[in-house]
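Breakdown of the fold
This is what each chain is made of:
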Amino acid sequence: LVSGLSIEGTADAGITVQILNGLTVLGSGTAGAGSYAIPINLAAGITTLTSRGIDPAGNMSAVSAGLAVTVDTTAPTVALSYNQSGNTTGPFAVG
């Protein structure tokens, strides 16, 4: 799982916002002053997230449209080459 991710948005103050993956609640938070930030953990790959709001009386909104989120944990590859007077080409050595 990748931690340290945050879903941020706006909602009326006092509304509890839930972030879902299917039927699973990944995180929730209450909007204060009209905004929220909800920390979540996601596995690498593509996940479709939805949200819903719950007011202080317990009334639940419909689930939002899905948002596909891609978490890519693969490090990029970098190739370097060096050519000085035509006699040396990379890769570079460390040290």
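For the structure given in this document, a descriptive report is provided here. Worth saying up front: this structure is predicted, and the values here are computed from it rather than measured.

With respect to the pairing of strand β2 (residues 16-21)
It is a general feature of regular strands that their side chains alternate between the two faces of the sheet. Relative to strand β3 (residues 24-30), β2 is paired through six bridges, and the arrangement is antiparallel. In the sheet register, Gln 18 faces β3, and the bridge partner there is Ser 28. Hairpin connection of β2 to β3: two residues between the antiparallel strands, including Gly 22 at a positive phi of 65°. Across five bridges, β2 lies against strand β5 (residues 45-54) in antiparallel orientation. When the sheet's bridge partners are listed, Thr 16 is paired in β5 with Ile 54.

Here's the deal with the sheet that holds β2
Paired through backbone hydrogen bonds, the strands of a sheet run either parallel or antiparallel to each other. Spatially, the four strands line up as an open sheet ordered β3-β2-β5-β6, and their pairing is antiparallel. On the outer flanks of this sheet lie β3 and β6 (67-71), each paired with one strand and no other. When strand polarity is set aside, the average angle formed by the axes of neighbouring strands in this sheet is 30°. When β5 meets β6, the two strands line up antiparallel, connected through five bridges. What sits directly across from Gly 45, in β6, is Val 71.

What to know about the nonpolar core
Soluble globular proteins tend to bury their nonpolar side chains together. Residues Ile 15, Val 17, Ile 19, Ala 31, Tyr 36, Ile 38, Ile 40, Leu 42, Leu 49 and Val 71 constitute the largest nonpolar core, which totals ten residues. Only β2 and β4 (35-42) provide two or more residues apiece to this core. Ranked by the residues each element gives to this core, the list is headed by β4, at four residues.

About the cut-offs
Residues numbered from 1 in each chain as written. Predicted model: local features only at pLDDT ≥ 70, side-chain atom pairs only at ≥ 80, totals over all residues. Heavy atoms only, no water. Pairing = 2+ DSSP bridges. Helix = DSSP H or I, 4+ residues; strand = E, 2+ residues; numbered from the N terminus. Axes fitted to C-alpha atoms, helices over the stretch in contact; angles between N-to-C directions. Core = buried A, V, L, I, M, F, W, Y, C linked by side-chain atoms within 4.5 Å. Buried < 20%, exposed > 50% of the residue type's maximum accessible area, 1.4 Å probe, protein only.

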